[in-house]
Amino acid sequence: MYQNDVLPYTLGELIDVEFIAKVAAIDTVTTLVFGLASARNDTPDSVSYRAWFRMEGSASLTAVVCETDDNVTAREDQATGTTLAATYKKFLIDFSQGLSKVGFYVDGALVKTLDMSGAAATQGMQLIAQIQKGSGTGVPSVTIGRVAVRARLTY
């Protein structure tokens, strides 16, 4: 899921983004990201601007990390202490405190605060949920039960 690289949300307008998601059968060759991104890329770490949750099967089959990149500093694989497997959880990325304090929440609990202040408030973003698999016969999946965006839209 992505918005065809149409970037309808600017970082300065965003209040928060919520995903309710569950995964199944993540294996060692699977990568899952969901949250916000600038232009989509087959290699998630190549996305210039991002704020998302991530599962990297080669590191853990259940651990969820969070990441930001403001095209100045990449904050990758930040531990959340959360696991995700075969049960729905609510994930929220909170921009309401400004780009220097982007909050990542799981089931209502703050798990990490990251800095994206190198990005301009006018930077466009899109929703993204991307699961990819390098090889093998496993069948990983992600089920998105809800996506919600709250923003201060200006016309």
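Caption draft 1: The arrangement of the environment of Y2 in detail. By secondary structure assignment, the location of Y2 is in the segment before β1 (9-10). Residue Y2 is classed as partly exposed on the basis of its relative accessible area of 36%. C-alpha of Y2 to C-alpha of L127: the two residues are 125 residues apart in sequence and 5.5 Å apart in space. Beyond its immediate chain neighbours, meaning those up to four positions away, Y2 contacts R40, Q126, L127 and I128.

Caption draft 2: Just the environment of S48, in detail. Topologically, S48 is positioned in the loop between β3 (30-37) and β4 (49-56). According to the relative accessible area criterion, S48 is partly exposed, its value standing at 31%. Separated by 71 residues in sequence, S48 and A119 have C-alpha atoms that sit 10.0 Å apart. If we skip the residues at most four places from it in the chain, S48 touches S38, D69, D70 and N71.

How each quantity is defined
- Residues numbered from 1 in each chain as written.
- Predicted model: local features only at pLDDT ≥ 70, side-chain atom pairs only at ≥ 80, totals over all residues.
- Heavy atoms only, no water.
- Helix = DSSP H or I, 4+ residues; strand = E, 2+ residues; numbered from the N terminus.
- Buried < 20%, exposed > 50% of the residue type's maximum accessible area, 1.4 Å probe, protein only.
- Contact = heavy atoms within 4.5 Å.

Everything listed here is a matter of coordinates, which is why it stays silent on function.
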